[in-house]
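Residues per chain are reported as follows:
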Amino acid sequence: MSTLRALAAAQAVAAGVAQPVATVRHLHLSRRPLVLVPLAMAGEANAPLAAMVGAAPGEARLLIVPQPRNRDQRFAFVAELAATVLPYVDAHRGANEAVPVDRGRDVRYRYLDAPQLLVPNPAGVTFLRLLGRATRFRRIDGDYPVPPQVPLLGRWLTFFAERAEHPGSSALVAMTQALSLHWATGQSAVEDLHLPALLGWIAPPAGRSGAETAAWAEDPQRCPPAGPATDPSFDNERLAPAIEAYAAAESDEVARGEAYAELEKLLRDQLTPTWELMWRGVGLLRALPPGARVAGRWDGDRDAFTAYADHVDADGAPQPRRDGAVAAAARLHRLERAADLYAVQRAYDDPLVMAEYRLTGEAFVGEVVLADAARIDDSGRRPVLRPRIQLVTTDPVLVPVGAVLSSPARPAQKARVVFVTPVADGKTEVVVELSGGMGRGLTAAPGSVPEVGERLCYTTLSEAYVPAGSFPAVEETPWTHGGPPAAGVPVDPLPAGEGAAPVPDEEWT
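Remember, it's a predicted structure, so these values are computed and weren't measured experimentally. Per chain, the residues get numbers from 1 upward, laid out in the order the sequence is written. It should be noted that, the model being predicted, local features are given only for residues of pLDDT at least 70 and side-chain atom pairs only at 80 or more, the latter also being counted only at that level, while totals for whole chains, interfaces and linings use all residues. Working from all heavy atoms in the structure, the side-chain values ignore hydrogens and water.

Draft legend 1. Up close: helix 4 (residues 149-164). Here a helix means four or more residues in a row that DSSP labels H or I, a strand means two or more in a row labelled E, and each is numbered from the N terminus. A helix is expected to span 1.5 Å for every residue after the first. Taking 1.5 Å per residue, 16 residues should reach 22 Å; helix 4 reaches 22 Å between its end C-alpha atoms and fits that length. Note on classification: 1.4 Å probe, protein chains only; a residue is buried when its accessible area is under 20% of the maximum for its type, exposed when over 50%, partly exposed between these limits. Taken across its 16 residues, helix 4 has twelve buried, putting it largely inside the fold. For helix 4, the complete set of buried residues consists of V150, P151, L153, G154, R155, W156, L157, T158, F159, F160, A161 and R163. Residues of helix 4 that are buried in the fold lie against helix 2 (71-90), strand 7 (117-119), helix 3 (122-135), strand 8 (172-174) and helix 10 (294-313). In this analysis, two residues are considered to be in contact whenever any of their non-hydrogen atoms come within 4.5 Å of each other.

Draft legend 2. Representation of the pairing of strand 17 (residues 455-459) within the structure. Among the five residues of strand 17, four are classified as buried, and the element is accordingly described as predominantly covered. When DSSP finds two or more bridges between a pair of strands, those strands are recorded as paired. Examined bridge by bridge, strand 10 (residues 363-372) and strand 17 share five bridges and lie antiparallel to one another. Note that in strand 17 the partner of E367 across the bridge is R455.

Draft legend 3. Spotlight on the sheet that holds strand 2 (residues 34-40). Reading across the sheet, the five strands line up as 4-3-2-7-8 and stay open at both edges, with mixed pairing between neighbours. The outermost strands of the open sheet, each flanked by one partner alone, are strand 4 (61-64) and strand 8. Taking the axes of each pair of neighbouring strands and ignoring which way they run, one obtains an average angle of 20 degrees across the sheet. As paired elements, strand 3 (residues 48-54) and strand 4 share four bridges and run antiparallel to each other. Looking across to strand 4, one finds that M52 is bridged to L62. Fitted lines through C-alpha atoms give the axes, limited to the stretch in contact for helices. The angle between two N-to-C directions lies from 0 to 180 degrees. The strands touched by helix 2 are strand 2, strand 3, strand 4 and strand 7; relative to strand 4, the strand with the most contacts, the crossing angle is about 155 degrees. With respect to the sheet, helix 9 (residues 253-286) is in contact with strand 2, strand 3, strand 4 and strand 7, its orientation differing from that of strand 3 by roughly 45 degrees.

Draft legend 4. Region of the structure containing the side chain of T459. Mapped onto the fold, T459 is located in strand 17. Judged by relative accessible area, T459 falls into the buried class, the value being 0%. Apart from the residues lying within four places of it in its own chain, the contact partners of T459 are Y348, M354, E362, A363, L405 and S406.

Draft legend 5. The environment of P38, seen in detail. Inspection of the secondary structure assignment puts P38 in strand 2. The buried category is assigned to P38, whose relative accessible area is 1%. Spatially, the C-alpha atoms of P38 and M52 are 6.6 Å apart, while their sequence positions differ by 14 residues. In contact with P38, not counting residues within four places along its chain, are A50, A51, P120, G124, F127, G227 and P228.

This is how it looks when you write it as structure tokens:
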């Protein structure tokens, strides 16, 4: 936990309500997100029990599996889920736009919007990832066939789960993570995974503190768990008898219908509170203004959605069960670069996030007291415009002379530290030399050089483009990492079909 977040948590305990740790919203919110609240049966490997899904508060659709141990009923559930999710995905595959590439010499096309799925917590993301893994390789003919929409849904769920791992992506969002990104509560990070308790801290009812509301919400009789796990007492005392009653009525249509209706009501009562909390969380997030760089990250989600939709249209293969060595290394490299850029963009968009870097000395805020906008550096082969400004700050300045800084106010401009001079009253004078973002001539464009009295933030963080790393082709890697075997190294052949055998249809995961 960072210093400022620890302080905000302490203030939340003192004030009885969660404290904001962001001034803007750091994720994209669709006009019509698809909310999906799953439930899984305890004791079974990701066996779906029920789901409530819809793109508006009044459009909740309840799907249930009366007997989760029954394979046919499981896939019937997935087919029903596909009947809601796939049309929602296809609804975003309408109009597209041209995007210039290769410095305007060519264009590519992407959809104007992309689908967005919201689940209550990270466990919901894991549920969808495993559900996609269990369904995307299923056959629609031969032994144990499934409806055609089942493997297609599995591929799309895998796509969303992979995007959820990408820092800054908003394609699949866990509500508890989204809320914790913007508010600090007086409870632990583990307790923040409980959606009712988390919202109890953020927006407690009048006359009740966040701690009291969270304690009240942790009673499963009042607020059922947000899934996919269920409460053990609910499983033993209510769910198990209802499932047994449904199974016992197999030969009696009337009794079977009554047992199904009772089970459906039982599961609806479990899911409805979480469904309402999800839309309450959407309202809280929507009230925050979006950060300036949120739209750019959403463009990345739209690019990924367009590329995968084209892959599906071209009858491309499902995602592999596991990446090869080169593909795994390249994916890890992409995620690391995305994480670094996401951290910088959040700091640039939000002064509360940047305050963390001011505490560590990686950034400082100061007031411009002197500015030489016309300074020319003629020490090189040709004169260049190099204005200098002097700032006074009370922040700790730990950057060395010669360091290159950036300012969120002028991200295209670089500032090289020339002097750092401590003065009285805990203040520090910093002189920086500016380059870039001022035009091509020897006269700075109006407004490109900070003026006296302007308050600026400078930081070592930079969102400048960093070229991607290069990785060898698979055939150029050693045999230990998926490439061809080295000369003279004996390799035992794989048993027939090993490495390419389909997932047995008798298995769910």
